[in-house]
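Inside the fold
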Amino acid sequence: MTDTHCPYCALQCAMTLTATTATTPATADRPMLPVTVAGRDFPTNRGGLCKKGWTSAELLADTGRLTTPLVRGDDGELHPAEWDAALDLIAAHVRTIAAEDGPDAIGVFGGGGLTNEKAYQLGKFARIALRTSRIDYNGRFCMSSAAAAANRSFGIDRGLPFPLTDLDTAETVLLLGSNVGDTMPPFVSHLQGARARGGLIVVDPRRSSTARLCADGAGIHVQPVPGSDLALLLALTHVVIAEELYDDGYVRQRTSGIEALRQSVSAWWPERAETVTGVPARSIRELARTLARSDSTYILTGRGVEQHVDGTDTATAAINLALLLGLPGTPGCGYGTLTGQGNGQGGREHGQKADQLPGYQSITDPAARASVAAVWGVDPDDLPGPGVPAVELLQSAGLPGGVRALLVHGSNVFVSAPNVQTVREALGRLELLVVSDFLLSETARAADIVLPVLQWAEEEGTMTNLEGRVLRRRRAVDAPAGTRSELWIMAELARRLDAPGVWSLEPSEVFDELARASAGGRADYSGLSHALLDLGIEAHWPFPLGSLGTPRLFADRFAHADGRATLVAVRARTPEPATGDGLTLITGRLLEQYQSGAQTRRIPELTEKRPSLVAQLHPATARRHGIAEGDGIRLSNVRGEVRARAELTHDIRPDTVFLPFHYADAESANLLTSDRVDPHSAMPEFKRALVQVSAV
Ligand code: SF4
C-alpha cells in the first residue's frame, strides 16, 4: 500500500494506492488496473475523493500510454525512435539555433502539474543549460493575477495563508468566482459551518453547483453581469467606508494607503454599481453590512474573477475589502485565493515563471541571483534576465524575435491557450517543437519530437497544495519500459549541451538543492527534505532551516518591509456589452473533467455524461434564437467558431452562454476567448468574450 495524493487538482486529496492481485477482477472491456484507489483521511479531504480522484488509476492502464520517443519523419508522421537518437536530434537543433540567433531563440514552457522537483529543474535547465530567458508556464493562465495582487498587497503570495480547516468554523464565507462544488468537491465540507449559519455568499454569473449550495437559507447567490466583479467590490468597499463599518484600529496599525483607497471608491455608490453589475444597490449595501457584522469572515477568490484583463485589480479589490474588515491574520478570519492546478502553488515558486528564480525570488534581484547562482555553480552574470509571459512567448513563436524551438513539459497549450488558433498556428511555424508527456495530447500530436515520461504514481517527488502545504508524491507502480523521468531527460540534454552544474536523477537530491536555492526567498523550503516530509509533519512554507513551518501567515506582520499590508487604489472599467443578438460567453469547468481534459477525457466514467461539447443557454435566449434542448448550435466571433449541443437551463443569465474549456480541436472553447492580457499579471481574458449564437 502506498500513501500518496491525487494526480489532479490543488486540493491534493490524500489517497492510498493498493497493488491489485491476480484475483482482482478486470472490467469487461479494459485491462486490469495496477492499483485500487481509496481515499485517505487528511485535513483537506477527510477521506473523500471526487469522481476524478476515484478513477485516477485508469491513467496507469491507459492503452494510449507512450513508451518510446517519437520523431516526425519526412512523411510528416511521428515514428518510434531510440532515446539517444531523439535527444541527439534535440541537442543538435538547439545548438544550431542558439549559434545563429542566440539562446533566446529557444523557449521552454512548463506546467503547474509538475512536481516541485521538476518545476525547479526546468527553470535551472532553461537558464544554465539552454541559457535562455524564454521560459514561462501554464500557471500564467491560472494563478498569475491572484499572485500579482497578493504580492503587491501582502508582499507574499500563498494561495491560502491559513489551513483549510480554519474555514470549518466560519460564520460567513464570501466566495468570488469559484465553483468548488465541481472543481474540488471535498472542499465543500469546509463550507458546512458557514452554510449552517446561512453565511455562504457565492458571487457567480451562473448558478453553478456551488451557487446552489446557498439554497434553503444556507446563503446568498449574487449573479452579476460577467466581468463586473471589480465594480461590485468597489461598491462594497464604498459602503464599508461610507458607513464606517471598517476595523479602524486594524487599518491604522496594520495597513497603509487608506486615504488613496477612500478617494478611489468615493464615487462607487451602490446605485452606480447597480447599473454596471446588475446587482441591486439594496443588496450591495446589505451584503457589505453582513460581511462587517460577522465575527468570523473569510473572503476567497477564484479564476472567475481573476481571469480578466482587470483580474489583478479585481483580486486587489477583494484584498482591500478584506483588509478594511481586518480579516487577514486575525484568528477565525482571512483572505485567500483557491489555486487550481495540482501543483499550481509550487509550480509558481521554483523558477518556471519568466521573472522568477527558486524560492519565489525576483530574477532581477542581485542578491537572489548571487545566491541561486552559487547553488547552481555558475556566475550570476551568466544568468539571463526576465523572459516574456506565456501568451507573448507562444504567439511570437516562429516570428522574427520569437523562439524558433520550444520544449513543452506538462502542458497542453493546443487546448488551454487563449485565442488558441493563433497559438496552434504559431507553434506550427516552429522549427522544433518538443513535447514531454505520458499520453499523446493534442499538443504532442503536433510536435516534431515527443518524449514519453513518467506519470504521478510512477514517480517520487513533492507537490505544494492550495494551503502552501508541501506533500510527498510517492511511487506505487513501476513505470513502463521505455519511459523516462523529466529529471533524466534534462540531465541527458544538459550533458549533450556541455552545461555546467549538477543534474541529479534522484528527486530527493533535487529537492535538497531546491531547498538550498530557495533559502531567504519568500517561499523558503530550506528546512525541508523528503526524509522530514516522510515523517508526516505539517509542512506549510515558509519553512526555513530550524523552523516548524508557517500554517498561518500575517499574524504579526505582512511581508512588506514595513510589516504593513498595502491598500492599493484600483479603478474599474465598464465591461463592453454584447450588442444586437450577441451574448457574453463565460467559460468554466465540469465536475468530470480536469483542465485541458488530456487525461480525463480518456476515462469512460468521466466522459459518458458529456462526451462532446455542451453549451448552457437560458431557455428564453434559446427561444429567441430558435434553439431547442439538444440542438446543435454554432458559437462564433472574430477569432473563430465552435459547434456544441445546447443545454437549456435557468441557471444561466439570459445574456450569457457557458462553455466548459476541457474539449479539444474544433470543440475548444478557447477558439473564442480573447488573448488580451492583464497589464500587471499578463493573465489573458479567459472568462469573458462576446459571441454570436445560432442554430446549426
Ligand atoms: Fe483529486 Fe481534486 Fe478531486 Fe481531490 S478534489 S479527488 S484532488 S481532483
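The name given to the protein in an unreviewed UniProt entry is Assimilatory nitrate reductase catalytic subunit, with Microbacterium phyllosphaerae as the source organism.

**Here we look at the overall build of the protein**
When helices and strands are tallied, the protein shows 25 helices and 27 strands. For 696 residues, the compact-globule formula gives about 26 Å, and the C-alpha radius of gyration of the protein, at 24 Å, lands near that figure. For the C-alpha atoms alone, the extent of the protein along its principal axes is close to 70 × 60 × 60 Å. Here the protein holds 696 residues, and the buried ones make up 58% of them. The long-range share in the protein, meaning contacts at least 24 apart out of those at least 6 apart in sequence, stands at 72%.

**Brief notes about the site of the ligand**
Taken together, the neighbourhood of the ligand is formed by 14 residues, with Cys6, Cys9, Cys13, Cys50 and Gly53 sitting nearest. Per-class residue counts for the shell around the ligand are ten nonpolar, three polar and one charged. Looking at the shell around the ligand, you find at least three residues from each of domain 1 (2-61) and domain 3 (144-337).

**Here's the deal with the domain arrangement of the protein**
The domains assigned to the protein are domain 1 (2-61), domain 2 (70-142 + 343-505), domain 3 (144-337) and domain 4 (583-695). Each of domain 2 and domain 3 has a C-alpha centre, and these two points are 36 Å apart. Within the side of domain 2 that touches domain 3, the residues separate by chemical class into two nonpolar, three polar and three charged.

**Points about the sheet that holds strand β2 (residues 14-19)**
Across the sheet, which stays open at both edges, the three strands sit in the order β1-β2-β3 with antiparallel pairing between neighbours. Both outer strands of the open sheet, β1 (2-5) and β3 (35-39), are each paired with one neighbouring strand and no more. Neighbour to neighbour, the strand axes of the sheet diverge by 35° on average, direction disregarded. In the sheet, β2 pairs with β3 via five bridges, with the strands oriented antiparallel. Bridge pairing links Thr18 to Thr36 in β3.

**As for the environment of Ala146**
Tracing the chain through its elements places Ala146 in helix α4 (residues 144-154). A count of 33 C-beta atoms within 10 Å places Ala146 in the buried class. Excluding its chain neighbours within four sequence positions, the residues that come into contact with Ala146 are Thr301, Glu306, Ala315 and Thr337.

**What about the sheet that holds strand β4 (residues 70-72)?**
Spatial strand order, β5-β4-β18-β17-β16-β6-β7: seven strands in an open sheet with mixed pairing. Looking at the sheet topology across the chains shown, the edges are occupied by β5 (78-80) and β7 (135-137). Along the sheet, successive strands turn relative to each other by an average axial angle of 20°, direction set aside. Sheet topology places strand β17 (residues 432-437) next to strand β18 (residues 449-452); four bridges connect them, and they run parallel. Directly across from Val435, in β18, lies its bridge partner Val450.

**Side note on the environment of Ala148**
Tracing the backbone shows Ala148 in helix α4. Ala148 sits 301 residues away from Ile449 along the chain, and the two C-alpha atoms are 35 Å apart. Ignoring sequence-local partners within four residues, the contact set of Ala148 consists of Thr312, His680 and Ser681.

**Observations regarding the environment of Leu583**
Within the secondary structure layout, Leu583 lies in strand β22 (residues 583-588). Taking C-alpha positions, Leu583 is 36 Å from Gln12, a pair spaced 571 residues apart along the chain.

**Considerations on unusual backbone geometry**
Omega for the peptide link from Trp541 to Pro542 comes to -5°, which places this bond in the cis form. One can find Pro542 in the loop between α23 (530-534) and β21 (565-566). Despite not being glycine, Asp216 has its phi angle at roughly 60°, a positive value. Here Asp216 shows up in the loop between α7 (209-212) and β10 (219-222).

**Topic: the pairing of β17**
Among the six residues of β17, six are classified as buried, and the element is accordingly described as predominantly covered. Going residue by residue along β17, you find Leu432, Val434 and Ser436 tucked away on one face and Leu433, Val435 and Asp437 tucked away on the opposite face as well.

**Some thoughts on the packing of helix α8 (residues 229-242) against helix α12 (residues 281-293)**
When two helices pack together, their arrangement is captured by the angle between the axes and the distance separating the axes. Interaxial distance between α8 and α12 falls to 9 Å at its minimum, and their mutual angle equals 65°. Two packed elements cross with a definite hand, and for α8 against α12 that hand is right-handed. Listed contacts from α12 to Leu232, Ala235, Leu236, Val239 and Val240 of α8 are Ile284, Arg285, Leu287, Ala288 and Ala292. Here the contact of α8 with α12 is built from residues that sort into nine nonpolar, no polar and one charged.

**Describing helix α11 (residues 270-277)**
Among the residues making up α11, those that are buried are Pro270, Ala273, Val276 and Thr277. End-on view of α11: buried residues confined to an arc of 110°, all on one side of the axis. Buried-residue contacts for α11 involve α8 and α12. After α11 finishes, the residue Gly278 shows a positive phi value of roughly 80°.

**Observations concerning helix α2 (residues 83-101)**
For α2, spanning 19 residues, the distance from its first C-alpha to its last is 27 Å, which sits close to the expected 27 Å at 1.5 Å a residue. Looking only at α2, the buried set comprises Ala86, Leu87, Ile90 and Val94. Across the axial projection of α2, the buried residues extend over an arc of 90°, all falling on one side. Structural note: α2 exposes Asp84, Ala85, Ala92, Ala99 and Glu100 on the side pointing more than 90 degrees away from its buried face. Structurally, α2 contributes buried residues whose contacts are with β4, β6 (106-110), β16 (405-409), β17, β18 and α21 (486-496).

Rules and cut-offs
- Residues numbered from 1 in each chain as written.
- Predicted model: local features only at pLDDT ≥ 70, side-chain atom pairs only at ≥ 80, totals over all residues.
- Helix = DSSP H or I, 4+ residues; strand = E, 2+ residues; numbered from the N terminus.
- Rg over C-alpha atoms; globule rule 2.2 N^0.38 Å.
- Buried ≥ 20, exposed ≤ 12 C-beta atoms within 10 Å, placed from the backbone.
- Contact = placed C-beta atoms within 7 Å.
- Near = placed C-beta within 6 Å.
- Nonpolar A, V, L, I, M, F, W, Y, C, P; charged D, E, K, R; others polar.
- Domains from an automatic or database assignment.
- Pairing = 2+ DSSP bridges.
- Axes fitted to C-alpha atoms, helices over the stretch in contact; angles between N-to-C directions.
- Left-handed = near helix turned anticlockwise from the far one by under 90°.
- Arc of directions from axis to C-beta.
- Expected span 1.5 Å × (residues − 1).

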